[in-house]
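Each chain, written out:
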Amino acid sequence: MGIGEAMALGSAAAWAVGVILARQLGVHLPPLTLNLLKNGLVLCVLAPVALLLYAGAWPVMPVRDMLIVLASGVIGIALADTLYFRALNELGAGRMGVIGNLYSPLVLLLGFVFLDERLGGMQWLGFALVAGGVLLVSIPARGQSARPQHTLRGILLGLLAIALMAVAIVMVKRTLETQPLLWVTLLRLCGAMAGLLFLASLPPMRQRMRFVPRDVAWHRLVLAALVGQGLSMVLWLGGYKFTSASVAAILNESASVFLVVLAALWLREPMGRRAFVGVLLTFSGIACMLLGRATP
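Residues numbered from 1 in each chain as written. Predicted model: local features only at pLDDT ≥ 70, side-chain atom pairs only at ≥ 80, totals over all residues. Heavy atoms only, no water.

> Pulling in residues and values, what's your account of the overall build of the protein chain?
Along its length, the protein chain carries 14 helices and zero strands. Going residue by residue from the N terminus, the α and β elements of the protein chain occur as α-α-α-α-α-α-α-α-α-α-α-α-α-α. The buried share of the protein chain, reckoned over its 296 residues, is 51%. Restricting to contacts in the protein chain with at least 6 residues of sequence separation, those with at least 24 account for 91%. In the form shown here, the protein chain has an accessible surface area of approximately 14100 Å², with 70% of it arising from carbon and sulfur atoms. (Helix = DSSP H or I, 4+ residues; strand = E, 2+ residues; numbered from the N terminus. Buried < 20%, exposed > 50% of the residue type's maximum accessible area, 1.4 Å probe, protein only. Contact = heavy atoms within 4.5 Å. Areas by Shrake-Rupley, 256 points an atom, 1.4 Å probe, with all protein chains shown as cover.)

> Explain helix α6 (residues 103-114) to me, using residue names and the numbers behind them.
Over its twelve residues, α6 runs 16 Å from end to end, which matches the ideal 16 Å to within 8%, given 1.5 Å per residue. Among the residues making up α6, those that are buried are Tyr 103, Ser 104, Val 107, Leu 108, Leu 110 and Gly 111. Trailing α6 by a residue or two, Asp 116 shows a phi angle of about 60°, which is positive. (Expected span 1.5 Å × (residues − 1).)

> Now, about helix α11 (residues 218-242): what can you tell me, with residues and values included?
Note: α-helices contain 3.6 residues per turn, so residues at a spacing of three or four share the same orientation. In a regular helix each residue adds 1.5 Å, so 25 residues correspond to 36 Å; α11 covers 34 Å between its end C-alpha atoms and thus fits that length. When the local axis directions of α11 are compared, the greatest deviation, roughly 30°, occurs at Ser 232. (Bend = angle between axes of the 7 residues up to and from the residue.)

> Go over the packing of aromatic side chains with me, naming the residues and quoting the values.
Summed over the entire model, instances satisfying the criterion amount to five aromatic pairs. Their ring planes at 75° and their centres at 6.4 Å tell us that Tyr 84 and Phe 85 sit as a pair that is edge-to-face. Judged on exposure class, the residue Tyr 84 and its partner Phe 85 are both buried. Look at Trp 124 and Phe 127: their rings are 5.9 Å apart centre to centre, the planes differ by 80°, and that puts the pair in the edge-to-face class. Of this pair, Trp 124 and Phe 127 both sit in helix α7 (residues 121-138), three residues apart, which is roughly one turn of the helix. (Phe/Tyr/Trp six-rings, centres within 6.5 Å; stacked < 30°, edge-to-face > 60°.)

> Lay out the nonpolar core with the relevant residues and their values.
Core analysis: the biggest nonpolar cluster contains 73 residues, and Tyr 103, Val 107, Ile 169, Leu 176 and Tyr 240 have the highest contact counts within it. At twelve residues, helix α9 (residues 181-201) tops the list of elements feeding residues into this core. If near-sequence neighbours (up to four positions away) are discounted, Tyr 103 is found in contact with Ile 162, Met 165, Ala 166, Ile 169, Trp 236, Tyr 240, Ala 249, Asn 252 and Glu 253. (Core = buried A, V, L, I, M, F, W, Y, C linked by side-chain atoms within 4.5 Å.)

> Quick rundown of unusual backbone geometry? Include the residues and the values.
With a phi close to 60°, Asp 116 is a non-glycine residue in the positive phi region. Turning to its location among the elements, Asp 116 is positioned in the loop between α6 and α7. On the basis of relative accessibility, which here comes to 45%, the residue Asp 116 falls in the partly exposed class.

> Go over the confidence of the model for the protein chain with me, naming the residues and quoting the values.
Looking at the protein chain as a whole, its pLDDT mean stands at 83, while 88% of the residues score no less than 70. Across the protein chain, element-level confidence peaks in α9 with a mean pLDDT of 94 and bottoms out in helix α5 (residues 93-100) with 66. (pLDDT = per-residue confidence, 0-100.)

> Let's hear about the side chain of Ser 246: which residues, and what values?
Note that Ser 246 resides in helix α12 (residues 245-252). The buried category is assigned to Ser 246, whose relative accessible area is 3%. A distance of 2.9 Å separates a polar atom in the side chain of Ser 246 from a polar atom in the side chain of Glu 117. (Polar contact = N/O pair within 3.5 Å; in protein donor to acceptor, adjacent residues only side chain to side chain.)

> Can you break down the packing of helix α8 (residues 151-178) against α11 residue by residue, with the values?
At their nearest, the axes of α8 and α11 sit 8 Å apart, and the two run at 70° to each other. Between α8 and α11, the interaxial angle falls into the category roughly perpendicular. Side by side, α8 and α11 meet where Ile 169, Lys 173, Leu 176, Glu 177 and Thr 178 of the first sit next to Trp 236, Leu 237, Tyr 240 and Lys 241 of the second. Along the lines of polarity and charge, the residues of the contact of α8 with α11 split into five nonpolar, one polar and three charged. (Axes fitted to C-alpha atoms, helices over the stretch in contact; angles between N-to-C directions. Parallel < 35°, antiparallel > 145°, perpendicular 65-115°, else oblique. Nonpolar A, V, L, I, M, F, W, Y, C, P; charged D, E, K, R; others polar.)

> Residue-level account of a nonpolar patch on the surface, with values.
A cluster of nonpolar side chains, namely Leu 102, Leu 152, Ile 155, Leu 156 and Leu 159, defines an oily patch on the protein surface of about 430 Å² accessible area. With respect to the secondary-structure elements, Ile 155 resides in helix α8. On the basis of relative accessible area, Ile 155 is assigned to the partly exposed category, the value being 31%. (Patch = residues over 30% accessible without salt bridge, like charges linked within 9 Å, V, L, I, M, F, W, Y side chains within 5 Å. Salt bridge = Lys/Arg side-chain N within 4 Å of Asp/Glu carboxyl O.)

> Tell me what's going on with the environment of Ala 14, and back it up with residues and numbers.
Examined against the element boundaries, Ala 14 turns out to sit in helix α1 (residues 3-22). Sequence separation between Ala 14 and Leu 231 is 217 residues, and the spatial gap between their C-alpha atoms is 6.8 Å. Setting aside chain neighbours within four positions, we find Ala 14 in contact with Val 227, Gly 228, Leu 231 and Ser 232.

> Give a detailed account of the pattern of salt bridges, specifying residues and quantitative values.
Throughout the structure, instances matching the rule amount to four salt bridges. Between Glu 177 and Lys 173 there is a salt bridge; the shortest N-O distance is 3.3 Å. With Glu 177 and Lys 173 both in helix α8 and four residues apart, the pair spans about one turn of that helix. When its relative accessible area of 35% is taken as the criterion, Glu 177 is described as partly exposed. A relative accessible area of 2% means that Lys 173 is categorised as buried.

Here's what the structure looks like:
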């Protein structure tokens with residue numbers, strides 16, 4: 001297993017842990033508020049680490065690349081994550097998981113068009129197995145959840161969020177390959193925070209950001225931010241830095257399966273036969289992905 005594949009899988013696992021920790025935060029925190037607080041906490045931790053690591057010897061980055069990284073943060077975090085949290089609130093985790101399956105096909109398509117990436121036969125087989133496994137895991141069982149009140153709006157918001165995530169990572173892929181990982185992550189976070197603060201300054205958005213502080217489990221928010229946002233983001237970008245965007249995107253899809261496994265082991269939630277088959281398919285697909293390599 002290469003370092004890129006390992007980081008992509010680690011990112012999926014860290015994100016799943018973050019979801020377990022933050023599963024109830026959306027009840028008390030509006031989407032934009034949750035996104036702003038999580039990324040603000042990560043930035044407060046990551047910035048001092050970068051200062052110590054580079055000790056004033058900042059990496060040299062062309063202005064064009066810097067603007068691309070900042071724009072990637074605005075698109076992929078400030079806009080996409082906020083829309084994702086909103087869609088998650090309206091559709092629920094199961095339906096949003098199904099929409100999330102579009103992420104890797106979009107990255108594959110964008111990687112083919114803009115990065116000239118190709119997959120080998122074993123990797124296409126792995127993609128099919130991962131997609132089938134995640135689909136089995138994500139679809140809620142009959143009677144498991146009520147029909148959302150705003151289904152169409154939630155679907156459109158979810159589709160837009162996934163599309164923006166795919167665009168944001170493909171546009172920064174070449175810069176990631178030539179620049180230090182932590183530096184790109186920090187710049188991307190700065191762009192995200194600038195975008196989030198701008199959105200928060202708009203009068204209509206300010207009204208939607210209100211919450212009751214005593215209702216928020218702050219310790220859970222801190223852990224969810226550091227693990228599910230900070231660690232996951234560094235590993236996520238690392239996966240795209242050290243392997244092809246197509247491979248990293250497919251391995252990232254395993255997050256839904258890690259979530260099911262963690263829920264069964266950690267929260268003692270039952271795992272049905274369909275979910276169990278989905279887990280087996282997904283990890284079989286991961287094995288196929290790791291046996292092959294993307295061809296240039």
